[in-house]
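Single-letter residue listing:
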Amino acid sequence: LHSYFEISQRIDHQYGTQCPNIVGAFSNAQPLNILFTSRDFHPGGEVFYEDHYKFVGPSVGIRGETVAFPFAQLSEAPFIYISLGTIFNERPEFYNACFDAFGDTPYQVVMAIGDKIDLSTLATPPANFLVQPYVPQLEILQRAALFITHGGMNSTSEALLYGVPLIVVPQHGDQFLVASRVVEVGAGLMLPAAQA
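Since we're looking at a predicted model, the values are computed, not measured.

Trainee: Where do I start with the sheet that holds strand E5 (residues 129–132) in this structure?
Mentor: Hydrogen bonds between backbone groups are what pair the strands of a sheet, and the pairing can be parallel or antiparallel. Sheet architecture is open: six strands sit in the order E5-E4-E3-E6-E7-E8, paired in parallel fashion. With one partner strand each, in any of the chains shown, E5 and strand E8 (188–190) form the two edges of the open sheet. Taken over all neighbouring pairs, the strand axes of this sheet differ in orientation by 15 degrees on average, direction set aside. Sheet topology note: the strand E7 (residues 166–168)/E8 ladder contains three bridges and is parallel. Each residue of the ladder has a partner; that of Val168, found in E8, is Met190.

Below is the structure:
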């Protein structure tokens, strides 16, 4: 917040502009406001009834990159998918806890761990786990029975699109708000990281 004021004052002084205050910066309504979620998922969505608010749903499209994945190793049964996203995913204690929780169970588990983690900090994955740096998430979600996620808006929206129930383990920022909303709309549960 302090940085915002310093930067906005510097810009205003240098360019003769008038930056909005912090409230204006976050509630900057315009003649047309496109919201990439549903009215039902947006907190207080029922109050955005004017025509200049358009809820268009998540912006989900074909990914530009190709991610190799051993689909042949997946059973026909739905599976558990676990991912903490691409930014705050260096959590070996979380992944090891997942090995303990779901290892040697009847469930198949697909787990994406990113490419920043030191693999020596991970236990040996149980036989029922497929552990990859990255997975083709849209294709995985179409077959998953449960998504254990950090609660990023993109991942959450993609899971909701495919009707996959969520267990949200928020890591940072708006993920706590997203997790709360998932619980409020009945799409899943929230598990604090300290309890995971």
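Further notes follow.
Trainee: Whenever I open this one, a nonpolar patch on the surface confuses me. Can you help?
Mentor: Taken together, the side chains of Leu32, Ile34, Phe36 and Val56 define a hydrophobic patch exposed on the protein surface, amounting to about 400 Å² of accessible area. Along the polypeptide, Leu32 turns up in the loop between helix H2 (22–26) and strand E1 (33–35).

Trainee: Sorry if this is basic, but what is going on with helix H3 (residues 92–102) here?
Mentor: Residues spaced three or four apart along an α-helix point in a common direction, a consequence of the helix completing one turn every 3.6 residues. Within the span of H3, buried status applies to Pro92, Phe94, Tyr95, Asn96, Cys98, Phe99 and Phe102. On its buried side, H3 packs onto strand E3 (79–83), strand E4 (109–112), E5 and strand E6 (144–149). Following H3 by one or two positions, Asp104 adopts a phi angle in the positive range, close to 55 degrees.

Trainee: What should I look at first to understand the side chain of Gln108 in this one?
Mentor: Inspection of the secondary structure puts Gln108 in the loop between H3 and E4. Within polar-contact distance, the side chain of Gln108 engages the backbone oxygen of Gln73 at 2.9 Å. Once residues within four sequence positions are removed from consideration, Gln108 is found in contact with Gln73, Leu74, Ser75, Phe79, Ile80, Asn128 and Leu130.

Trainee: For this particular structure, what's the right way to read the layout of surface pockets?
Mentor: Approximately 660 Å³ is the volume attributed to the largest pocket. Along the walls of the largest pocket sit 33 residues, with Arg63, Thr86, Gln137, Ser155 and Glu158 positioned nearest its centre. Put simply, the parts of the chain that give the lining of the largest pocket at least two residues each are E3, helix H4 (137–141) and helix H5 (153–161). In terms of residue class, the lining of the largest pocket is made up of 15 nonpolar, 13 polar and five charged. In terms of lining, the second largest pocket is formed by Ile34, Leu35, Phe36, Thr37, Phe41, His42, Pro43, Met153, Asp174, Leu177, Val178 and Arg181. Counting residues per element, the ones that place at least two in the lining of the second largest pocket are E1 and helix H6 (175–184).

Parameters at a glance
Here the residue index of a chain counts from 1 through its sequence in written order. Reporting in this predicted model follows two pLDDT cut-offs: at least 70 for local features of residues, and 80 or more for side-chain atom pairs to be given and counted; totals over whole chains, interfaces and linings ignore these cut-offs and use all residues. Where side-chain values are given, they derive from all heavy atoms of the structure, hydrogens and water being excluded. Strands are labelled as partners when DSSP assigns at least two bridges between them. A helix here means a DSSP run of H or I that spans at least four residues, while a strand means a run of E at least two residues long, and both kinds are numbered starting from the N terminus. Here an angle of 0 to 180 degrees is reported between the N-to-C directions of two axes, which are lines fitted to C-alpha atoms, with helices fitted over the stretch in contact. Any residue with relative accessible area above 30% and no salt bridge may belong to a patch, with like charges joined within 9 Å and the nonpolar Val, Leu, Ile, Met, Phe, Trp and Tyr side chains within 5 Å. Here the Shrake-Rupley method, with its probe set to 1.4 Å, supplies the accessible areas, and only the displayed protein chains count as covering residues. By convention in these notes, a salt bridge is any Lys or Arg side-chain nitrogen within 4 Å of a carboxyl oxygen on Asp or Glu. Think of it in three bands: residues with accessible area under 20% of the maximum for their type are buried, residues over 50% are exposed, and the middle band is partly exposed, with areas taken using a 1.4 Å probe on protein chains only. Working rule for contacts: check all heavy atoms of both residues, and any pair within 4.5 Å makes them a contact. Polar contact is the term for a pair of N or O atoms within 3.5 Å; when the atoms are in protein, one must be able to donate a hydrogen and the other to accept it, and sequence-neighboring residues count only if both atoms are side-chain atoms. Put plainly, a pocket is an open set of points on a 1 Å grid over the protein atoms alone with protein on both sides within 12 Å along at least five of seven lines, a cavity is a set where a 1.4 Å probe fits but cannot get out, and a lining residue has an atom within 4 Å of a point. Grid points are joined across faces, edges and corners, and a volume is the space filled by probe spheres set on the points. Note on residue categories: nonpolar means Ala, Val, Leu, Ile, Met, Phe, Trp, Tyr, Cys or Pro, charged means Asp, Glu, Lys or Arg, and polar means any other residue, Gly included.

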